[in-house]
Amino acid sequence: MLKAVVTDLDGTLTDERRRISTVAIETIRDLVDAGVLVVLASGNTVCSLDILCKMIGTDGTIICENGGVYRFRFDGQIQIPGRQPICWDAYHRIEEHFAAKGERLTLYSPENRFADVAFARSVDPAETAEVISDMPVRVIDTGFAIHLQYEGVSKGTALSDLAALMGVSTDEILAVGDSGNDTEMIRRAGIGAAVGNATEEMRDAADYVSEKKYGNGFVEIIQKYQPYFFER
Ligand SMILES: O=C(O)COP(=O)(O)O
Ligand SMILES: [Mg+2]
């Protein structure tokens, strides 16, 4: 039986132009109204997800910064398993490396981040990872940004921690995503699904890959697993 949905945001609840998918929002509202817990899990910041949760109508349970931060409900305590100082150390080394080649990096919302460091995909992620290969920091390319995350922290580790707070087992969770930053999360969930636009790595890790892409794929996945939600 499924009791919760943990879903990625960019590429999963959006459309092909990165606008929010209105059909995906309708589907989330139906789930919430039926008593299913819905968690937004993203590389994005707490403040951006808070607004979305309020306007979509979820209880404010979130995974942000690729698992570097999570919180159970709006009134819960923010948990920060990530370690931002070491990510900044890594960033400064990367910045110097590319500056020597005349390439400048563009940070994404550093003032709103608690755990990771994110910047524009203007440089090669593989070269970026090479520069910090001796540091305990992972380079995550989401297709939307490059993130630096303390090793061992992911949306998957946050999913496990949150499941305990939510009082559900990870087996009772359906997780959905589109990109490499979602693979550990979908592996840990009872059912892991990928939308039709997902990366090869995600498709390989998924129990099910929707035919439809983006938000329409999310809706297809929820419809497919609908009977498992309402068994009780
Ligand atoms: O913030 C990003 O880079 C991607 O965000 P996502 O995890 O919601 O896809
Ligand atoms: Mg995504």
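Residues numbered from 1 in each chain as written. Chains lettered and ligands numbered in written order. Predicted model: local features only at pLDDT ≥ 70, side-chain atom pairs only at ≥ 80, totals over all residues. Heavy atoms only, no water.

Per an unreviewed UniProt entry, the chain carries the name Phosphoglycolate phosphatase and comes from Methanofollis liminatans DSM 4140. If you open the UniProt record of the chain and go to Catalytic activity (unreviewed entry), you find "2-phosphoglycolate + H2O = glycolate + phosphate". In its Cofactor (unreviewed entry) section, the UniProt record describing the chain reads: "Mg(2+)". (UniProt positions renumbered as here; feature names shortened; annotations may be inferred.)

Asker: So what about the domain arrangement of the chain? Which residues, and what values?
Answerer: Its domain assignment divides the chain into domain 1 (4-80 + 153-230) and domain 2 (84-150). Listed as interface residues are 19 residues of domain 1 and, on the opposing side, 14 residues of domain 2. Both faces considered, domain 1 and domain 2 share a buried interface measuring about 1200 Å² in area, 59% of it formed by carbon and sulfur atoms. Taken together, domain 1 and domain 2 are joined by zero salt bridges. On the surface where domain 1 and domain 2 come into contact, there are nine residue pairs in polar contact (both at pLDDT 80 or more). Tallied by class, the residues present in the side of domain 1 that touches domain 2 amount to five nonpolar, 10 polar and four charged. (Domains from an automatic or database assignment. Contact = heavy atoms within 4.5 Å. Buried area = accessible area lost by both parts, 1.4 Å probe. Salt bridge = Lys/Arg side-chain N within 4 Å of Asp/Glu carboxyl O. Polar contact = N/O pair within 3.5 Å; in protein donor to acceptor, adjacent residues only side chain to side chain. Nonpolar A, V, L, I, M, F, W, Y, C, P; charged D, E, K, R; others polar.)

Asker: If you had to explain the site of ligand 1 to someone new, which residues and values would you point to?
Answerer: Close to ligand 1 lie D8, L9, D10, S42, G43, N44, T142, F144, A145, H147, K155 and N181. T142 has a polar side-chain atom sitting 2.6 Å from an oxygen atom of ligand 1. Interatomic distance of 2.7 Å between a side-chain N/O atom of H147 and an oxygen atom of ligand 1. Considering ligand 1 on its own, with 280 Å² of exposed area, one finds that the protein chains cover 97% of that surface. Here the residues of the shell around ligand 1 are counted per class, giving three nonpolar, six polar and three charged. Counting contributing residues, the shell around ligand 1 receives three or more from each of domain 1 (4-80 + 153-230) and domain 2 (84-150). (Near = heavy atom within 4 Å. Areas by Shrake-Rupley, 256 points an atom, 1.4 Å probe, with all protein chains shown as cover.)

Asker: Can you break down helix α2 (residues 46-56) residue by residue, with the values?
Answerer: Within the sequence span of α2, burial applies to V46, L49, D50, C53 and I56. Take α2 and look down its axis: the buried residues cluster within an arc of 145°, on one side only. Projecting away from the buried face of α2 at angles above 90 degrees are the exposed residues I51, K54 and M55. For α2, the elements touching its buried residues are α1 (22-33), β2 (37-41), β3 (62-64) and β4 (69-71). G57 lies just past α2 and shows a positive phi near 110°. (Buried < 20%, exposed > 50% of the residue type's maximum accessible area, 1.4 Å probe, protein only. Helix = DSSP H or I, 4+ residues; strand = E, 2+ residues; numbered from the N terminus. Arc of directions from axis to C-beta.)

Asker: Can you tell me about helix α8 (residues 214-229), naming the residues and giving the values?
Answerer: The terminal C-alpha atoms of α8, which comprises 16 residues, lie 22 Å apart, in line with the 22 Å expected from a rise of 1.5 Å per residue. The principal kink in α8, of about 35°, is found at Q223, preceding the proline P227 by one to four residues. Those residues of α8 that fall on the buried side of the exposure criterion are G215, G217, F218, V219, E220, I221, I222, Y225 and F229. At its buried positions, α8 is contacted by β1 (4-8), α1, β8 (173-177), β9 (191-194) and β10 (208-209). (Expected span 1.5 Å × (residues − 1). Bend = angle between axes of the 7 residues up to and from the residue.)

Asker: Could you give an account of the sheet that holds strand β6 (residues 137-141), with specific residues and numbers?
Answerer: The strands making up a sheet are joined through hydrogen bonds of the backbone, oriented either antiparallel or parallel. Across the sheet, which stays open at both edges, the three strands sit in the order β5-β7-β6 with antiparallel pairing between neighbours. Each edge of the sheet is formed by a strand with only one pairing partner; in this case those strands are β5 (117-119) and β6. Neighbour-to-neighbour, the strand axes of the sheet open up by a mean angle of 20°, direction not taken into account. (Pairing = 2+ DSSP bridges. Axes fitted to C-alpha atoms, helices over the stretch in contact; angles between N-to-C directions.)

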